[in-house]
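One-letter residues, chain by chain:
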Amino acid sequence: MDFDPCGGDDTAVSAELNVGLFDNERESNLESTVAMVEEVLRELGHVVDQSRVDSPNTERAWRVHKGSAEVAITIVEQDDFWHLRVAAAVMTIDNSVEIPALYQRVLELNAHAVIGAAFGVKGPHVMLLSQRSTRDLDQSEVHDIIHRVQEYADDWDDKLVDEFGGTLGAPD
């Protein structure tokens, strides 16, 4: 079949090329994000080989400690693209915690004390997290996200437990 410069029916070939290009973009982006995360972990003083973990529903995952906080760094697939998610269980709520007062406090902290991350609740755990698409992500942003969550989690876990009760982090 000769090439037809006036058009012809090349839609099937074009569709195959586009799918291949997008697949390559996603795979390339994933590998680039993994490399950036691991470089940032080194910069922050973590041993990458000891930080890698298996985690359900993630493409890649690492777990690191900063003071009393344990921080999970994961790459998860979303409909639009890969996402970098950094999360730490700051405290576990028990029967001694006055939940409405705690929730009001963390919402207030979201409004003025926590930038680029937010408190949330997952079951009995108060979490600190930040998530961002990996599309157009650069190393300074990876550093910022991981560093912020580490620092905030290590700072606020003790303060919230002292103020409201409960226990630090999440049970293993």
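Reading the values: the criteria
- Residues numbered from 1 in each chain as written.
- Predicted model: local features only at pLDDT ≥ 70, side-chain atom pairs only at ≥ 80, totals over all residues.
- Heavy atoms only, no water.
- Core = buried A, V, L, I, M, F, W, Y, C linked by side-chain atoms within 4.5 Å.
- Buried < 20%, exposed > 50% of the residue type's maximum accessible area, 1.4 Å probe, protein only.
- Helix = DSSP H or I, 4+ residues; strand = E, 2+ residues; numbered from the N terminus.
- Contact = heavy atoms within 4.5 Å.
- Salt bridge = Lys/Arg side-chain N within 4 Å of Asp/Glu carboxyl O.
- Expected span 1.5 Å × (residues − 1).
- Arc of directions from axis to C-beta.
- Bend = angle between axes of the 7 residues up to and from the residue.
- Pairing = 2+ DSSP bridges.

Engineer: What should I look at first to understand the nonpolar core in this one?
Structural biologist: Soluble, globular proteins show a tendency: their nonpolar side chains are buried together. Core analysis: the largest hydrophobic core is formed by 40 residues, its most contacted members being Ile73, Leu84, Leu102, Phe119 and Leu160. For this core, the elements supplying multiple residues, two or more each, are helix H1 (11–43), strand S1 (60–66), strand S2 (69–77), strand S3 (82–92), helix H3 (99–112), strand S5 (125–133) and helix H4 (139–164). In terms of residue count, H4 provides more of this core than any other element does, 10 residues in total. Filtering out sequence-adjacent residues up to four positions away, leucine 102 remains in contact with Met91, Ile93, Val97, Val126, Leu160 and Phe164.

Engineer: When you look at the pattern of salt bridges in this model, what are you seeing that I'm missing?
Structural biologist: Should the charged atoms of two oppositely charged side chains come close, the side chains can pair. According to the stated counting rule, one finds 11 salt bridges in the structure shown. Salt-bridge contacts for arginine 52 lead to glutamate 38; the nearest nitrogen and oxygen are separated by 2.8 Å. Taken as a pair, arginine 52 in the loop between helix H2 (48–51) and S1 and glutamate 38 in helix H1 lie far apart in primary sequence, 14 residues in all. In this structure arginine 52 comes out as partly exposed when scored by relative accessible area, which is 42%. Salt-bridge contacts for lysine 66 lead to glutamate 151; the nearest nitrogen and oxygen are separated by 3.2 Å. Here lysine 66, found in strand S1, pairs with glutamate 151, found in helix H4; they are 85 residues apart in sequence, far enough to count as distant. Since its relative accessible area comes to 28%, lysine 66 is described here as partly exposed. Here the residues in one salt-bridge network are Glu38, Asp49 and Arg52, joined through shared partners.

Engineer: Got a minute to help me understand H3 in this structure?
Structural biologist: Working note: α-helix, 3.6 residues per turn, so residues spaced by three or four point in the same direction. Over its 14 residues, H3 extends 20 Å from the first C-alpha to the last, a length consistent with the 20 Å expected when each residue adds 1.5 Å. Residues of H3 that are buried: Leu102, Val106 and Leu109. Projected down its long axis, H3 shows its buried positions confined to an angular sector of 55°, all on one face. Of the residues in H3, the exposed ones pointing more than 90 degrees away from the buried face are Pro100, Leu107, Ala111 and His112.

Engineer: Help me understand H4, please; the structure alone is not making it clear to me.
Structural biologist: Its 26 residues give H4 an end-to-end C-alpha distance of 36 Å, which sits within 8% of 38 Å, the value for a rise of 1.5 Å per residue. The largest bend along H4 measures about 30° and falls at tryptophan 156. Residues Val142, Ile145, Ile146, Val149, Gln150, Tyr152, Ala153, Trp156, Asp157, Leu160, Val161 and Phe164 constitute the buried set of H4. Phi turns positive, to about 90°, at glycine 165, one or two residues after H4.

Engineer: I'm lost on the pairing of S1 in this one. Help?
Structural biologist: Note that S1 and S2 share 7 bridges and pair antiparallel. Along S2, the bridge assignment pairs lysine 66 with alanine 69.

Engineer: Help me understand unusual backbone geometry in this model?
Structural biologist: Where the residue is not glycine, phi is negative for most of them; where a peptide bond is considered, it is trans in most cases. Located in the positive-phi region is asparagine 57, a residue other than glycine, with phi close to 60°. Its location among the elements puts asparagine 57 in the loop between H2 and S1. Positive phi values are uncommon outside glycine, yet aspartate 136 reaches one of about 65°. Tracing the backbone shows aspartate 136 in the loop between S5 and H4.

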